[in-house]
Amino acid sequence: KVAFPAKSLGQLTAEQMDERQFKLKDWFDEFLATPMTPRTTQQLYSFLQVNKRCATEGGVRKYPGTVIKTGYLTKLGGNKSGGAGNWKRRFMVLADHLVYYENEDVYENGGAPKGRVSLNCIYCPTPDLPNDKNEFTLFALPFEFVVRADTKADMDDWLSIFQKLQAC
């Protein structure tokens, strides 16, 4: 088996860089040759294509870790399949991932988040009209994240950002 190249500290010489690239290529070739299920293969290809376009087209994610948007959304929690579920208002912080907190004070004071939604492979369709509850769904594979905004303008703003991210 080919070992993944170790992280390096400091500057690399040209020879070290060549060796590192060679080892990374060997590791990646072996990784791609590993038997995978059709679903896993599709997710991998989607992930690679998403990140390739983000790197070349700029998209919204220009600087890793940069906060893109913050604000309150009410999310559906609890028993979503067959049950009524419950709605909880949470303070959302959109950066590399969507992280949500009990409220804005917890975020401002460095408290622990209540949850995190990975945005590596997302789809956020425009909801059907009429939509009096300002409700939309973020499909963050393999999960669905159903939320409601306080106003239509706020919902449209979140939708616009998620749709730009999905195009990345």
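The shown structure was predicted, so the numbers you read here are calculated from the model rather than taken from an experiment.

All right, on to the overall build of the protein then. Within the protein, the secondary structure is distributed over four helices and seven strands. Going from the N terminus to the C terminus, the protein shows its helices and strands as α-α-β-β-β-α-β-β-β-β-α. Counting every position in the protein, which comprises 168 residues, the buried fraction comes to 27%. The long-range fraction of contacts in the protein, counting pairs at least 24 apart against all pairs at least 6 apart in sequence, stands at 42%. Counting every atom, the protein has about 11,200 Å² of accessible surface; 54% of that belongs to carbon and sulfur.

Note on placement: Arg90 falls in strand 2 (residues 86-94). The buried category is assigned to Arg90, whose relative accessible area is 8%. The contacts of Arg90, once residues within four sequence positions are left out, are Gly71, Tyr72, Leu73, Lys75, Tyr100, Tyr101, Glu102 and Lys114.

All right, on to the nonpolar core then. Membership of the largest hydrophobic core comes to 21 residues, with the highest contact counts inside it found for Leu98, Phe136, Leu138 and Phe162. For this core, the elements supplying multiple residues, two or more each, are strand 2, strand 3 (98-101), strand 6 (135-140), strand 7 (143-148) and helix 4 (152-166). Residues in contact with Phe162, not counting those within four places in the same chain, are Leu94, Leu98, Ile122, Cys124, Phe136 and Leu138.

Let's shift gears to unusual backbone geometry. Going from Leu129 to Pro130, the amide bond is cis rather than trans, its omega being -5 degrees. Checked against the element boundaries, Pro130 lands in the loop between strand 5 (122-123) and strand 6. The phi dihedral of Asn134 falls on the positive side, at around 55 degrees, and the residue is not glycine. Taking relative accessible area as the criterion, Asn134 reaches 10% and is therefore assigned buried.

This part covers the packing of aromatic side chains. Summed over the entire model, instances satisfying the criterion amount to seven aromatic pairs. Taking 5.2 Å as the distance between ring centres and 55 degrees as the angle between the ring planes, the aromatic pair formed by Tyr101 and Tyr107 counts as tilted. Aromatic side chains Phe136 and Phe162 sit 6.3 Å apart centroid to centroid with 50 degrees between the ring planes, which places their arrangement in the tilted category. In this pair, Phe136 is assigned in strand 6 and Phe162 in helix 4, connecting sequence segments 26 residues apart. Of the residues examined, Phe136 reaches a relative accessible area of 2% and is grouped as buried.

Examined bridge by bridge, strand 1 (residues 69-77) and strand 7 share two bridges and lie antiparallel to one another. By the bridge assignment, Lys75 is partnered in strand 7 with Val147. Across six bridges, the pairing between strand 6 and strand 7 is antiparallel. Note on strand 7: the bridge partner recorded for Ala140 is Phe143.

In this section: the environment of Tyr107. Relative to the elements of secondary structure, Tyr107 occurs in helix 3 (residues 104-108). Take Tyr107: its relative accessible area is 26%, and that puts it in the partly exposed class. Sequence-wise, Tyr107 and Phe91 are 16 residues apart; in three dimensions their C-alpha atoms are separated by 7.9 Å. Discounting chain neighbours no more than four positions away, the residues touching Tyr107 are Val67, Phe91, Val93 and Tyr101.

What counts, and at which threshold
- Residues numbered from 1 in each chain as written.
- Predicted model: local features only at pLDDT ≥ 70, side-chain atom pairs only at ≥ 80, totals over all residues.
- Heavy atoms only, no water.
- Helix = DSSP H or I, 4+ residues; strand = E, 2+ residues; numbered from the N terminus.
- Buried < 20%, exposed > 50% of the residue type's maximum accessible area, 1.4 Å probe, protein only.
- Contact = heavy atoms within 4.5 Å.
- Areas by Shrake-Rupley, 256 points an atom, 1.4 Å probe, with all protein chains shown as cover.
- Core = buried A, V, L, I, M, F, W, Y, C linked by side-chain atoms within 4.5 Å.
- Phe/Tyr/Trp six-rings, centres within 6.5 Å; stacked < 30°, edge-to-face > 60°.
- Pairing = 2+ DSSP bridges.

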